[in-house]
Amino acid sequence: SDDKTGHRIGASGPSKFTGLKNQGCTCYMNSLLQQLFMMPGLRKRLCSATLPAPLRSVGAGTVTKGPELVGKKINVHWENNSSYEATVERFDDVTGMHTIRYARLPVQFGGRTGITQEEVNRLPDEMLEELILYQGRPGKETGSFEVVDDKTSMETEAGAAGESSGEGKKSTAAPSASTDTTVAKSGIKESEDEALSRKLFEEVQRTFVHLSEGLRGRCYDPCPLVEASACLKMEFEVWQQNDASEYAVKLLDKLEVPLKRWSPDHFKYLENTFGLKQTKQKVCKECGLKTNREEHFMNIDCQIRGKSDIHEALATMCEVEVMEGDNKVNCERCKKNTDTVLQTAISRLPNMLVLSLKRFDLDYNTFETVKINSRCSFDQTLNMKRYTLEAAEKLEQAEKGTAGGDGDGKDGADESDGAAMAVEGVQESSTADTDDSAKAEGDTCTEDDPLSSLPDEDYEYKLAGVLIHAGVAQGGHYYSFIRDRTGAGDDVHADRGGGSSPTGDDKWYRFDDEDVTPFDPALIEQECFGGKVKKEQKFGNGQVHTVEQEQFANALMLFYEKVKPSDPPPEDKTKADAAAKDGEEAPMDVEKEETVDDIALKDVTRTSGFDAFQPDVQRSNKTQCWLDFLLSPDFQHLLSGLIDSCLLFSRNSGSDGASDIGSDTMDLSADEDGESYSRWHIALLRTVLSYVFDILLHSPERSQLKGWEKKMMHVLRGNTDGARLFVHELAQRTNFISSNWLRTYCLDCPEKDSREVAAKIFHAGIQACAKISQEKEALQRWTDAWQNIREQYDEDMRTGERRLNMPMPASLKATAAERLHSLEDVTKLEHGASSIGTIISFINQLLEMVPLAWKHSGGMYCLLRDMACVPGERGRLFRRALMEAQVCNRLAVLSTRADTHPVAFHYFPACSMKHELANALTKLETVPTSHMMMGTTHRTANHQHPTLGDYCALFGAIGCIVGNPCMKMDPVLVEQTLPGKPTSSLELTEEARNALATVFADWSRPPSGRIFFRQFSRLLEWCGVDETTINTELSDLYQKFGVDSGTDRSGRVMKGVPLDAFLTYFRDRTRRFGPTQLLHDLHSHGFRPNLTRRSDESRYRPADQQRNSDDSEEYGNEESTGLDVMELIQSNPEDFRCGAQQLGRLTSHTLQSYSLFCMAFHRTYQGFAEYFLDFMAVGSKVSHVLWDALTVYYTREPTWNQDGDVDAARRVFELMASLRDTRALDRLDFIMNGITGGGGDSACGLIQGAADSRGRNREYYRRYTDTIKALYEEYDLVNMWCQRNPREYQRLQQAMNPNHIRHHQRGYDHRDPNAHSDDSDMYTDDDDDARNGDSAMDDPDEEFVTISGAGLAEVNGLYRRTVEICDGLPVYKMQGTWRGRACSYCLFRCKLSNGNMSWYISYVPQGVKPGTTKDVDFYSVDPMTGLYVDYPPATGWRRCSEGVDPPPNLRRHGRDMTDEELYGDAPMEEDANGHAAGV
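So, a few notes on the structure that sits alongside this text. (Residues numbered from 1 in each chain as written. Predicted model: local features only at pLDDT ≥ 70, side-chain atom pairs only at ≥ 80, totals over all residues. Heavy atoms only, no water.)

Brief notes about the overall build of the protein
Turning to step 1, where the next piece is worked out: In terms of helices and strands, the protein carries 51 helices and 45 strands.
Turning to step 2, where the next piece is worked out: Residue burial in the protein is summarised as follows: out of 1479 residues, 54% are buried.
Turning to step 3, where the next piece is worked out: Sequence-distant contacts in the protein: of pairs separated by 6 or more residues, those separated by 24 or more amount to 70%.
Turning to step 4, where the next piece is worked out: Total accessible area on the protein is roughly 64,200 Å²; 48% of this is exposed by carbon and sulfur atoms. (Helix = DSSP H or I, 4+ residues; strand = E, 2+ residues; numbered from the N terminus. Buried < 20%, exposed > 50% of the residue type's maximum accessible area, 1.4 Å probe, protein only. Contact = heavy atoms within 4.5 Å. Areas by Shrake-Rupley, 256 points an atom, 1.4 Å probe, with all protein chains shown as cover.)

Here it is, written out as structure tokens:
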């Protein structure tokens, strides 16, 4: 919302004054600056003060002009308080912009970062930057810079201010050069303190000029002044809240430094305005010697504790203190310690009297700073006569006369007593009624008043402003009430040329940061005095209770303006008076000797603040007026209507409908589609494109963006001539810098909305342009050229010779073959060069800069993703072009960085830049908005670690480029303003709502159309939500939204929630856990990443494979994803690319990478990672992925805080065990037996890993055995592999050896309650049995168990023994359905808390081990302690809570029995179709 001058549009109201933007906690600064600004004379003098032009770091007064900087090195100051070296390469006279190239930042090699010199040398040069140097850019350059002279050493630290405090968004009007070279040639020297003070003064000038000359209705951002104020060394950082009184004193002190040196007359004015002198007088009571010590102050600190008004506080300052006894003071005349009278009085009054009320004090009970909110009144006028030294002397003389005679013959003691009595008279007179101070001149002094000879008008002040603090000592808010003294009908603009108008209109204003509003001075007592106020509190019964409450908003500083301002004394008279006081003769006029500075400054140009900053303010005002016009609804409506006429003409191009435009201007040309376009339409389109990309997308107004997005996409898609014009314009602008639309919106733009709109318009134009045959042919030639380059690198990889020992070029122009350069020559776009290819090559260059600018690169990924998702022939052409140009590889390397494949690391050095190196080379930007957290001074915006959204967009682009459009992840939350809501909020997108509505329909119960508690619980279980969370969240949901929806069998009322409540729950869940959580939930219910749903064939098992035909049995997520990928590829193989041969050697190494899968697994969500790996693995062995996964399994130590790599590796095994393509068994062979590399290295397979770790490392053994059990039990492909590889299967059983485990478990004393029921002793097995061939293959125990006769028909069927262990025994399982959902019925033994054993038939949720409270138990047997406790009993079963009588019977079968033996004589339950239930 800020422009480059620091102004914010629409922040201030209709007031004649401009507000100041609060930086978060800088209201203390704003309130004081606004008080100073509203002093017309001071404002004029400060802004008109001059400084040497060579010293100015900003503004039109600097001397080095644009062309003179070309070829020079400069130090450019940034808002992050750092300076960076750059070289000026050229200057544009038309735009006034310099082109610079930043030097690479120094890097510390070695150490913890591990950065090497070779890594840095391989990086490309920094991209060129184009900007107006003296203006800078928001969040980056401040507008201040210094020319570096290699020959002349720097003698001045003129740039120290920028280094120590930094600057904000600069908006000056001429080139800047706070140059050390210029300074050295001018002979001007500055200390560091002088440079800092000058810099601060420049920023005060800038702020005041902008406030006075800027357009009304805007708010100025004083961020540069805030940062420059760091030199004041406040108690806290300038970005934190400080004491406004402290800031006032230190600011005025610092302003004196440059004024005293460079503008002495203006310094005198400042000194005369605020300069207050206090005289501390010491009077010896023995000899009467008076000693005066004069001190200079900018304000008076008034102690208000226990004081009711300002007069009492001032009288405290003038109190007499008698030093007696041990406190005697040494007298220079008496040469000893004597009783002494100490008193203080004001010896010189300023034109602007500042009274600081000491409201912050130390509480000595708690030793904490507290705020005093007691009442302290003050008047609109103030007479300071009785607090002056003149008044004290008059009263002293009067006391002497009253005591007797003219005072001759009195000793020193009498004289000192009279002085004390005189001061006491001042105190007594000050306690008079405060209304006396408001009387007319002459009324305050009677004829007998000794002060009557002092005219009241010389001591009369009028209230000009009040600075308020609202809050407590530890925090609060500052604002100001100020009287307008610019004169009736005057505007602040007219104040520059003349003095202030003493006769103002007396209007008061409230200055509260950005807001400036009128204020009624009659409310000053209520708003400023403090104290307690009575407030009435009404009760329901009609009674009224009055309560006194303390007012926390009260005056902290008072600004009184002198009614009769005094002129500063002449310099000669000041020196003469000083000499006379010292008893010396007045100095004679002597010609002043010229100093080195005087000689050096003779020929140096001086510029005022108006000279430096007013041109830029005028430019800013003019720019703002243009923007107000260009962004007005009327102008946008005009452009929109003209664009609509273009569309109408395109549709009616074959008729006479365009004749009204004028036939002499038409000059139509037809394209291949029969469309025609005139020159005026082309000119109009150019104008509109420039308006959208150069004005509209830069504006803070976002409400019209979506409308223009749709309009421009419609225009470009509707006419290929217009699209071609736009794409050619994009390609030609790739040779530019600041006007390069691709670079601006793909890498630099900080506004997310603007980036997204620009990317969609880019895509619409490119897509429509590709319809033209000439453009398609040019793109094909460009792609073929890239294919030849890629094949050379693939051959280099295959042979291993590394002949092309160089990085992969980013564009054809960067290749050595000059014949290829013409394909990207933007001057030959009509003669064979490819505009789309040129754009893709430039995107390659931007991708190499992404490690240094992650934050703003999301729009580029969206553009690439959308290009790859274009259907049909154009989409295949785009995808091939992106693949051959190595865009996909660069995206993959960007995500994995240093963990990428070594070959890719070598070929793409910029994209594979380590995070540590990127952080070291990055110039940190500051947040464009000025609001910040307390205590932070560096507000960095370009964080180097990508966000979740960055990774989702990046991986979505990779997936779509390789040919899988279902991996396009669109947002599921969008910011919307709902009807009746004042503010916007994050709401579900239409696609997300439709997907959730589909899930709701699956789980809701017709005809009620609502989902009940039990169904909702099961739904969330599928999403992986734990039971405790389900119960807590759903209880609240049903209590709030539940609706009575009938009764169950027992007559209990059942509550269900409707669709709206269902959507609200998932919206809140998505807000809490992020968009990927919703995508994961939908993936669990059969949805792809692009929110389309998988087919029924990939979600449900065929009827002949189901164990219960009453309901459909769903595949697990891994199997369903694999089937869906195969289905997508088979449905349209031309639109999908997969396999190493199609991808090429380099691409297959980069994309078929375990590290890339890990990034997708950890940085996006599980479902997306599954699609990604399955798609890349189809038709390939993915040996690189499996090698790394097996290596991780073998090498990662099993710790409680492991980084998740083991989980990712296990997911790889599960996905490869469920993907049913031609290479499925080969991949399983790798997983089980391992892989041997060409160099003799090998990756240990799961079987060997289990055998190696058995008996040696418990945790490793558990890792391998748990994985093998899961694979063997869940995936049919593993069983098929075992059948085809009986020897490997025997090795697998030997590694698992469940018989040994069962043998040792039998050794437990089952009556011992301390006996463990886990498998902790399996790791102490004696290895002799394994060596002797004892394995589960030789175990005569049963392989199958048949359950029949149960009243609950679902549990009847054939149970197969698995490798899963519970309580030391195998678990038998049967696949079936429970309440409409696929599940596994389990037969297992469980150890009870009393040590007894019991067998159960239960439903165990997916991913949960049997024997927990999450089981749904149907049948069990009484606890047993006998011999047959290790075998499931045939009878003796009883019903559990979910079972139905009668209980079942069991029959055990050996593993060698045929199907006839298994099913022939066992009574099996049959379903309605005659099939055995559960089989």
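After presenting the structure, the write-up continues.
Thoughts on the packing of aromatic side chains
Turning to step 1, where the next piece is worked out: One pass over the full model with this rule turns up 42 aromatic pairs.
Turning to step 2, where the next piece is worked out: Residues Phe-726 and Trp-741 carry aromatic rings whose centres are separated by 6.5 Å and whose planes lie at 35 degrees to one another, so their mutual orientation is tilted. Linking Phe-726 in helix H20 (residues 720–733) with Trp-741 in helix H21 (residues 741–748), this pair joins segments that are 15 residues apart in sequence. Each member of the pair, Phe-726 as well as Trp-741, is classed as buried.
Turning to step 3, where the next piece is worked out: A ring pair is formed by Phe-1013 and Tyr-1038, whose centres lie 5.4 Å apart and whose planes are at 55 degrees; its orientation type is tilted. (Phe/Tyr/Trp six-rings, centres within 6.5 Å; stacked < 30°, edge-to-face > 60°.)

What to know about the nonpolar core
Turning to step 1, where the next piece is worked out: Counting residues in each nonpolar core, the largest one holds 196 residues, and the members touching the most others are Phe-693 and Phe-1016.
Turning to step 2, where the next piece is worked out: With 9 residues, helix H30 (residues 948–961) is the single largest residue contributor to this core.
Turning to step 3, where the next piece is worked out: Discounting residues that sit within four places of it in the chain, Phe-1016 has contacts with Ile-1011, Leu-1034, Leu-1037, Tyr-1038, Val-1057, Phe-1062, Tyr-1065 and Phe-1066.
Turning to step 4, where the next piece is worked out: Counting residues in each nonpolar core, the second largest holds 64 residues, with Leu-196, Cys-223, Met-234 and Leu-270 among its members. (Core = buried A, V, L, I, M, F, W, Y, C linked by side-chain atoms within 4.5 Å.)

Some details on the packing of helix H31 (residues 990–1003) against helix H34 (residues 1059–1073)
Turning to step 1, where the next piece is worked out: Here H31 crosses H34 at 120 degrees, and the two axes come no closer than 10 Å. As the angle between them shows, H31 and H34 are arranged oblique. The way H31 lies across H34 gives a crossing that is right-handed. On H34, the residues touching Arg-993, Leu-996, Ala-997, Val-999 and Phe-1000 of H31 are Leu-1059, Phe-1062, Leu-1063 and Phe-1066.
Turning to step 2, where the next piece is worked out: Along the lines of polarity and charge, the residues of the contact of H31 with H34 split into 8 nonpolar, no polar and 1 charged. (Axes fitted to C-alpha atoms, helices over the stretch in contact; angles between N-to-C directions. Parallel < 35°, antiparallel > 145°, perpendicular 65-115°, else oblique. Left-handed = near helix turned anticlockwise from the far one by under 90°. Nonpolar A, V, L, I, M, F, W, Y, C, P; charged D, E, K, R; others polar.)

Side note on the packing of helix H41 (residues 1166–1177) against helix H43 (residues 1205–1218)
Turning to step 1, where the next piece is worked out: Closest axis-to-axis distance for the H41/H43 pair is 10 Å, and the angle between their directions is 55 degrees. Classified by the angle their axes make, H41 and H43 are oblique. Considering the relative orientation of H41 and H43, their crossing is right-handed. Along its contact with H41, which presents Gln-1166, Glu-1170, Leu-1173, Asp-1174 and Ala-1177, the element H43 presents Arg-1211, Val-1212, Leu-1215 and Met-1216.
Turning to step 2, where the next piece is worked out: Its residues placed into classes, the contact of H41 with H43 shows 5 nonpolar, 1 polar and 3 charged.

Describing the sheet that holds strand E5 (residues 83–92)
Turning to step 1, where the next piece is worked out: As summarised here, the arrangement of the 5 strands in space is E7-E6-E5-E4-E8, forming an open sheet in which the pairing is antiparallel. The open sheet terminates on both sides in strands that have one partner only, identified here as strand E7 (129–131) and strand E8 (141–148). This sheet shows a mean twist of 40 degrees between the axes of neighbouring strands, independent of strand direction.
Turning to step 2, where the next piece is worked out: Across 3 bridges, strand E6 (residues 97–102) lies against E7 in antiparallel orientation. Looking at the pairing, Ile-100 lines up with Glu-129 of E7. (Pairing = 2+ DSSP bridges.)

Thoughts on the pattern of salt bridges
Turning to step 1, where the next piece is worked out: For the coordinates displayed, the defined rule picks out 63 salt bridges.
Turning to step 2, where the next piece is worked out: Between Glu-987 and Arg-1071 there is a salt bridge, with its nearest N and O atoms 3.1 Å apart. Taken together, the positions of Glu-987 in strand E32 (residues 985–988) and Arg-1071 in helix H34 put the pair 84 residues apart, joining distant regions of the chain.
Turning to step 3, where the next piece is worked out: Accessibility expressed as a relative area gives 8% for Glu-987, which makes it buried.
Turning to step 4, where the next piece is worked out: A residue is classified by how much of its surface remains accessible, and Arg-1071, at 36% relative accessible area, is partly exposed. (Salt bridge = Lys/Arg side-chain N within 4 Å of Asp/Glu carboxyl O.)

Observations regarding the side chain of Ser-480
Turning to step 1, where the next piece is worked out: Mapped onto the fold, Ser-480 is located in strand E22 (residues 475–483).
Turning to step 2, where the next piece is worked out: At 3.1 Å, the side chain of Ser-480 forms a polar contact with the backbone oxygen of Ser-31.
Turning to step 3, where the next piece is worked out: If we skip the residues at most four places from it in the chain, Ser-480 touches Ser-31, Gln-35, Val-466, Leu-467, Tyr-509, Arg-510 and Phe-511. (Polar contact = N/O pair within 3.5 Å; in protein donor to acceptor, adjacent residues only side chain to side chain.)

Some words on the sheet that holds strand E42 (residues 1397–1403)
Turning to step 1, where the next piece is worked out: With respect to topology, 8 strands assemble into an open sheet ordered E44-E43-E42-E41-E40-E39-E38-E45, the strand pairing being antiparallel. Of all strands in the sheet, those with a lone pairing partner are strand E44 (1437–1439) and strand E45 (1449–1453), marking the two edges. Sheet twist, expressed as the mean angle between neighbouring strand axes with direction ignored, is 30 degrees.
Turning to step 2, where the next piece is worked out: Examined bridge by bridge, strand E43 (residues 1416–1421) and E44 share 3 bridges and lie antiparallel to one another. In the strand pairing of E44, Val-1421 is matched with Trp-1437.

Brief notes about unusual backbone geometry
Turning to step 1, where the next piece is worked out: The omega torsion across Asp-1445 and Pro-1446 is 0 degrees, close enough to zero to call that bond cis.
Turning to step 2, where the next piece is worked out: One non-glycine residue with positive phi stands out, namely Lys-335, at about 60 degrees.
Turning to step 3, where the next piece is worked out: Among the secondary structure elements, Lys-335 is positioned in the loop between strand E14 (329–331) and strand E15 (336–338).
Turning to step 4, where the next piece is worked out: A relative accessible area of 68% means that Lys-335 is categorised as exposed.
Turning to step 5, where the next piece is worked out: In the Ramachandran plot, Gln-886 falls in the positive-phi region, its phi being about 70 degrees despite a non-glycine side chain.
Turning to step 6, where the next piece is worked out: Looking at the secondary structure, you find Gln-886 in the loop between helix H26 (872–884) and helix H27 (887–896).
Turning to step 7, where the next piece is worked out: On the basis of relative accessible area, Gln-886 is assigned to the buried category, the value being 0%.

Observations concerning the pairing of E22
Turning to step 1, where the next piece is worked out: Relative to E22, strand E21 (residues 460–472) is paired through 8 bridges, and the arrangement is antiparallel. Of the residues in E22, the one forming a bridge with Ile-468 is Tyr-479.
Turning to step 2, where the next piece is worked out: Between E21 and E22, which follow one another and run antiparallel, lie 2 residues.
Turning to step 3, where the next piece is worked out: With 4 bridges joining them, E22 and strand E23 (residues 508–512) adopt antiparallel strand pairing. Bridging across to E23, Phe-481 finds its partner in Arg-510.

Description of the environment of Ala-392
Turning to step 1, where the next piece is worked out: Examined against the element boundaries, Ala-392 turns out to sit in helix H11 (residues 389–403).
Turning to step 2, where the next piece is worked out: Judged by relative accessible area, Ala-392 falls into the buried class, the value being 9%.
Turning to step 3, where the next piece is worked out: Expressed as a C-alpha distance, the spacing of Ala-392 and Ala-345, which sit 47 residues apart in the sequence, is 7.5 Å.

Comments concerning helix H23 (residues 773–799)
Turning to step 1, where the next piece is worked out: Helix length check: H23, at 27 residues, gives a terminal C-alpha distance of 39 Å against a target of 39 Å (1.5 Å per residue), a fit within 8%.
Turning to step 2, where the next piece is worked out: Phi for Gly-800, located one or two positions after H23, is positive at around 75 degrees. (Expected span 1.5 Å × (residues − 1).)

Some details on H31
One turn of the α-helix equals 3.6 residues, which is why residues spaced by three or four share an orientation.
Turning to step 1, where the next piece is worked out: Taking 1.5 Å per residue, 14 residues should reach 20 Å; H31 reaches 20 Å between its end C-alpha atoms and fits that length.
Turning to step 2, where the next piece is worked out: Looking at H31, one finds that the buried residues are Ala-992, Ala-995, Leu-996, Val-999, Phe-1000 and Trp-1003. Buried residues of H31, viewed axially, fall in a sector of 145 degrees; they line one side. (Arc of directions from axis to C-beta.)

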